[in-house]
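# Close look at the chain arrangement
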Amino acid sequence: SATAITGKSVHVLGGVGKTRLAVEYAWQHADDYSAVLFITADTPATLSNQLAELTGPFVLNLDEQHATEAPVKVAAALRWLAEHPGWFLILDNVDSEDAAEAVEQLLPKLRQVQVLITSRLGRWHGHAQPLELDVLSPAAATQFLLERTQPANGQRGRRVTAQDDTAAAALAAELDGLALALEQAAAYISTRRKTIDEYRQLWQQRSESVRTWHVPREMKYPQSIATTWQTTLDQLSDDERQLLNQLAWYSAEPIALQICRQQVPDSTWNLTADSLETAITNLADFSMLRWNADDDTVSVHRVVQDILRTRQTAPNEHLTAALQRLQQAIPDGNAGDIRTWFVWDALQAHVAAAVRAGQSQGIAEPTAALMQRAWTFCAASNEGVRLSPLKASL
C-alpha cells in the first residue's frame, strides 16, 4: 500500500527506468496522498534549491517565498511538510556520494512525508530501505519494441517485415532488457523508418549514430545510452575503472572471481585480495555490477560491457590483461581429468568471448596460447554439447 513507503531507495543500474517507475507509481497512487512532489537531488545544491522553490506560489505558496536567503526558504518548506502529513515526495537521481549524504541528512526531517529515492547507489543507512530493480524480461522487452515501433496511419514507425517478431526478440536479447537501450532503439527505428533488424545490425557494428542518438522529444530520458553512465564512471577510482574495463571483455554470463584474483606476471595492475574486494564492493554499490557472494561471481550488463569496450582509450591493453587472467585461471594438469571440468564450466563462456575479441583485435599472444589450451581441453573432454561456446570460437 502507499503508506508502506516511508523512506525507500529504488537503486539500480542507470538506464533501467527507475525515475519513470517512480513517476508511474505516483500517478497511479495520487489519490492515496494529499499531494505529490518531485525534486531532482543529483547534487546538494540542486536539492537545496528545489526545496527552496517549494515555497513558491505554484507549490506551497508560503510567505517565505519572498525571502532572499535560501536557507530561510528551505527551513520554511521543511517546517510546512513536517506539519502537514500525507505527502508523497520523490527525490530523483541521487547518484553521487555527496548527494546521498545530503539526502540522508534530510530524511530525519521528513518523518511525516512518504519519501521515495531513485538512485544508482545501493548503500544506504538507517532512514532509507533499498529496493533493487531489475531489467525487463525478454517477453516484455520484445513486446515493448513491437508496440513502440508500430506504424500509425502510415506515418512514423518501423518498416514492417515478416520477420519483425523474430527480429524484435533478437534485439531485445541484444539489449538485455535495459529500458533506456530499448527506448532509444524504438525511437530511432520509428523516427528513421528503419526495420528492427537494420537497427540491430547498426548496433552490432558499434555505429555511433545509434549509440549517441538522443532527441529529447522522442525519448523520455535525459541522455543517450552512450553517455548515461559517465557520471558514475567519473566517481570511480583507478582500480575500479581498471577492473570494470577488463570485465567488459568477458561474457555477460556470471564471471567467477577466481579469474579476477589471478596475478599476471609483469602486469602493471595486480590487486591484492583486499583491494579487489574493495573495488567490487564499490562497483556493486554504484550498481555497475552485480555481486553474488554465495556463488563468488560478478555480472556486468551486456550493454554496459559493450559501451565500455567502445569508449576505452586503450582497448588492447585491457583485453590483453583479460586474456592473461583467463590463461592463469585455466586448471593445470591433464585436460581429460574430470576433476578440472567444473573449473572449465566457469571459464568456457568467457574464454569464448575473449578469444573472439582477441582474434578480432589481432592480439597474437596470449590469444593463441589460450586457444591451444581450450582446444586441448575440448578434445580431451569430448564434451561437444556442454562446451559448444568454446568449440564455436576455436
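To be clear, the structure that these remarks concern was listed above.
Scoring rules and cut-offs
- Residues numbered from 1 in each chain as written.
- Predicted model: local features only at pLDDT ≥ 70, side-chain atom pairs only at ≥ 80, totals over all residues.
- Heavy atoms only, no water.
- Buried < 20%, exposed > 50% of the residue type's maximum accessible area, 1.4 Å probe, protein only.
- Helix = DSSP H or I, 4+ residues; strand = E, 2+ residues; numbered from the N terminus.
- Arc of directions from axis to C-beta.
- Contact = heavy atoms within 4.5 Å.
- Phe/Tyr/Trp six-rings, centres within 6.5 Å; stacked < 30°, edge-to-face > 60°.
- Lys NZ or Arg CZ within 6 Å of the ring centre and 35° of its normal.
- Salt bridge = Lys/Arg side-chain N within 4 Å of Asp/Glu carboxyl O.

By the burial criterion, the buried members of helix α8 (residues 196-204) are Ile196, Tyr199, Leu202 and Trp203. What you see down the axis of α8 is that its buried residues fit within an arc of 120°, all on one side. Tucked into the core, α8 has its buried residues touching α5 (138-148), α6 (164-175), α7 (179-192), α9 (208-211) and α14 (302-311).

All told, the structure shown has five aromatic pairs when counted by the stated rule. Their ring planes at 20° and their centres at 4.9 Å tell us that Tyr33 and Phe88 sit as a pair that is stacked. One end of the pair, Tyr33, is in the loop between α1 (18-28) and β2 (35-40); the other, Phe88, is in strand β3 (residues 87-92), and 55 residues separate them in sequence. Summarising the burial analysis for this pair, Tyr33 and Phe88 share the class buried. Through pairs of rings, three or more aromatic residues link up here, namely Tyr25, Tyr33 and Phe88. Looking at Arg309, its charged tip hangs above the ring of Trp249, at a distance of 5.8 Å from the centre.

This next bit is on the pattern of salt bridges. Applying the stated rule across the entire model yields 13 salt bridges. The shortest N-O distance in the salt bridge between Glu64 and Arg79 comes to 3.2 Å. Of this pair, Glu64 sits in the loop between α2 (44-53) and α3 (70-83) while Arg79 sits in helix α3; the two residues are 15 residues apart in sequence, bridging distant segments of the chain. Residue classification places Glu64 among the partly exposed positions, given a relative accessible area of 24%. The partner of Asp306 in a salt bridge is Arg211, with the nearest N and O atoms 2.2 Å apart. With Asp306 in helix α14 and Arg211 in helix α9, this pair connects stretches of sequence that are 95 residues apart. Like Asp306, the residue Arg211 is buried in the burial classification. Several salt bridges share partner residues, and in doing so they unite Arg20, Arg148 and Glu183 into one network.

Glancing now at the side chain of Gln305. Looking at the element boundaries, Gln305 is found in helix α14. Ignoring any residue separated from it by four or fewer positions in sequence, one finds Gln305 in contact with Leu247, Ala248, Tyr250, Ser251, Ala252 and Val300.

Geometric values such as these leave the question of function open.
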